[in-house]
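# Structural characterization, general
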Amino acid sequence: MSAERRLFFALSLPAKLQKQVIKWRAECFPQDTGRPVAAANLHITLAFLGEISELKAEALIRVAGRIQAQKFSMHLDDIGHWPGSGVVWIGAKRAPNALLQLASVLRSHAARNGCHQSALPFHPHVSLYRNATRPVAIPPATPQWLLEADAFSLYESTYERGRTRYRCLRTWPLADASAL
């Protein structure tokens, strides 16, 4: 019997945008804000799958390969702090319908395959800090970066040498609106 793996579907941030976000974060927040998320781990979670078997992962990979969703762009123009979970984040004030539909389809398939899905509404965001349990001075605005989403991916989360690492296992392209 194979071991379970901690998996999730997400949108990655391009390397250039990762660098811009990390630089802005360093300029706008004090060092003791919380545990900063590594640049390579910056992403927008679409559906968290949790610890799942290889069999379940294979079923979800097949499903993801059949999803037809369109490319979209979104502005990262919102920022906030969830003290309960200790997360400081950037996100979109208005999520594009294509993003909401993609997340909904992935979460629905995940639930049908036995992966618990949160009852909370989907709030697309990029976590900047974790363990930010004290009050955080939030900057008045973000630079309003534009994220062009042309693919979504399946990631594995591992904990190695005291660090969380996300490894991309598979990526699926998003289609031009005219192709759907």
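The structure contained in this document is the topic of the report that follows. (Residues numbered from 1 in each chain as written. Predicted model: local features only at pLDDT ≥ 70, side-chain atom pairs only at ≥ 80, totals over all residues. Heavy atoms only, no water.)

Core analysis: the largest hydrophobic core is formed by 47 residues, its most contacted members being F9, L46, L49, I90 and F152. Of all the elements, helix α3 (residues 97–112) adds the most residues to this core, at six residues. Contacts of F152, omitting those with residues within four sequence positions, involve F9, A10, L11, L46, A64, L102, L106, R170, T171, W172 and L174. (Core = buried A, V, L, I, M, F, W, Y, C linked by side-chain atoms within 4.5 Å. Buried < 20%, exposed > 50% of the residue type's maximum accessible area, 1.4 Å probe, protein only. Helix = DSSP H or I, 4+ residues; strand = E, 2+ residues; numbered from the N terminus. Contact = heavy atoms within 4.5 Å.)

Evaluated as defined, the whole model comprises seven salt bridges. A salt bridge links D176 to K71; its shortest N-O distance comes to 3.2 Å. Here the residue D176 occupies a position in the segment after β10 (163–173), and K71 occupies one in the loop between α2 (54–66) and β4 (72–76), the gap between them amounting to 105 residues. A salt bridge links R167 to E156, with the shortest nitrogen-to-oxygen separation between them at 2.7 Å. Residue R167 is located in strand β10, and its partner E156 is located in strand β9 (residues 151–160); the two are separated by 11 residues in the primary sequence. Here the salt bridges do not stand alone but share partners, grouping R5, E54, E156 and R167 into one network. (Salt bridge = Lys/Arg side-chain N within 4 Å of Asp/Glu carboxyl O.)

Let's shift gears to the sheet that holds strand β1 (residues 5–12). Pairing is antiparallel in the open sheet, where four strands are placed in the order β3-β1-β9-β10. This sheet does not close on itself; its edge strands, each paired only once, are β3 (43–52) and β10. In this sheet, adjacent strand axes meet at a mean angle of 25° when their direction is disregarded. Judged from the five bridges that link them, β1 and β9 form a sheet pairing that is antiparallel. Bridge pairing links R6 to S157 in β9. Along the sheet, α2 contacts β1, β3, β9 and β10; its crossing angle with β3, the most-contacted strand, is approximately 145°. Strands in contact with α3 are β1, β3 and β9; relative to β3, the strand with the most contacts, it is inclined by about 0°. (Pairing = 2+ DSSP bridges. Axes fitted to C-alpha atoms, helices over the stretch in contact; angles between N-to-C directions.)

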